[in-house]
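# Breakdown of the fold
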Amino acid sequence: MNSRVLGGLCAIAAFGVDQGTKALALNSPALENGVEVLPFLNLVRVLNDGVSFGMLGGVVPWWGLVALAAVVVAWLLIWLWKAPDRLTGAALGLIIGGALGNILDRLRYQAVPDFLDFHYGSYHWPSFNLADVAIFCGAALLFWDSFRTSKVRPENREQDNRKGDVTGG
């Protein structure tokens, strides 16, 4: 399976899981007041009209965030088309799928539904959703990939093997 196909499948999976869980959260009346799942995790229903951690909420109109996100997704799709390996393709697919999920939400609700509320005592991490998880995981994979040496990267191994064939080594 090449990097484009894997990236596309990761994007579809991230988008589908994100939209499915948001539909459950939005249609669950119990989440209006929050539901404790674990001592450090609540399920809640929050509409975030900003970006990460609610930043820019009310400052930038929802359509401005949609336009910016669409430009970023277009750039990521170009990168995916040229992805050198499957790890990069999977990482970009996760980011693209998560971003498309949040774009669709902004088009439908002018905000993004968040429902995961992690906390320690009275200290709460800003609520988030599975699109955010996909974007974070994709970015973490790209970050990790940037530390791999050129010898470890699959595309360089293929090039080294071809060089050996040409030189008779």
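Quantities reported herein were computed from a predicted structural model and do not represent experimental measurements. (Residues numbered from 1 in each chain as written. Predicted model: local features only at pLDDT ≥ 70, side-chain atom pairs only at ≥ 80, totals over all residues. Heavy atoms only, no water.)

### Some points on the nonpolar core
The condition is simple: Put simply, buried Ala, Val, Leu, Ile, Met, Phe, Trp, Tyr and Cys residues joined by side-chain atoms within 4.5 Å make one nonpolar core. Partly exposed residues are those whose accessible area sits between 20% and 50% of the maximum for their type, while under 20% is buried and over 50% is exposed, using a 1.4 Å probe and protein chains only. Numbering of helices and strands runs from the N terminus; a helix is a DSSP stretch of H or I covering at least four residues, while a strand is a stretch of E covering at least two. Contacts: residue pairs with any heavy atoms within 4.5 Å of one another.
Counting 13 residues, the largest nonpolar core has Val-73, Leu-76, Leu-80, Leu-92, Ile-96 and Leu-142 as the members making the most contacts within it. At the level of secondary structure, the elements contributing two or more residues to this core comprise helix 2 (62-81) and helix 3 (86-109). The leading source of residues in this core is helix 3, at 6 residues. Aside from chain neighbours lying at most four places away, what touches Leu-80 is Ser-3, Arg-4, Gly-7, Gly-8, Gly-89, Leu-92 and Ile-96.

### Description of the environment of Val-35
Mapped onto the elements, Val-35 comes out in strand 1 (residues 35-38). Along the primary structure Val-35 and Arg-45 are separated by 10 residues, whereas in three dimensions their C-alpha atoms are 9.8 Å apart. Val-35 has contacts with Ala-30, Leu-41, Asn-42 and Leu-43, leaving out every residue within four places of it along the chain.

### Remarks on a nonpolar patch on the surface
The condition that has to hold: Nonpolar side chains (Val, Leu, Ile, Met, Phe, Trp, Tyr) within 5 Å and like charges within 9 Å form the patches, drawn only from residues with over 30% relative accessible area and no salt bridge. Computed by Shrake-Rupley with a 1.4 Å probe, the accessible areas treat only the displayed protein chains as cover when residues are assessed. The salt bridge criterion pairs a side-chain nitrogen of Lys or Arg with a carboxyl oxygen of Asp or Glu, the two atoms within 4 Å.
On the surface, Val-35, Val-37, Leu-38, Phe-40, Phe-118 and Trp-125 cluster together into a nonpolar patch covering about 520 Å² of accessible area. By residue number, the principal contributor to the nonpolar patch is strand 1, which donates 3 residues. Examined against the element boundaries, Leu-38 turns out to sit in strand 1.

### Examining the sheet that holds strand 1
Our working rule: Paired strands are those between which DSSP finds at least two bridges. Between N-to-C directions, angles cover 0 to 180 degrees, with each direction set by a line fitted to C-alpha atoms, over the stretch in contact for helices.
Strand order in the open sheet formed by 4 strands is 1-2-3-4, with antiparallel pairing between adjacent strands. Single-partner strands in this sheet number two, and they are strand 1 and strand 4 (123-124). Two elements, strand 2 (residues 41-48) and strand 3 (residues 112-120), share 6 bridges in a ladder whose sense is antiparallel. Within strand 3, the residue paired with Leu-43 across the bridge is Leu-116. Relative to strand 3, helix 1 (residues 3-26) is tilted by about 80°, and along the sheet it contacts strand 2 and strand 3.

### A few points about the UniProt feature "transmembrane region" (unreviewed entry) in the protein
Test applied: UniProt positions are given in the numbering used here, feature names are shortened, and annotations may be inferred rather than shown by experiment.
Taking the numbering used here, the UniProt-annotated feature "transmembrane region" (unreviewed entry) corresponds to residues 60-80, 87-104 and 124-144. Regarding residues 87-104, the helix share stands at 100% and the strand share at 0%, and the terminal C-alpha atoms are separated by 26 Å.

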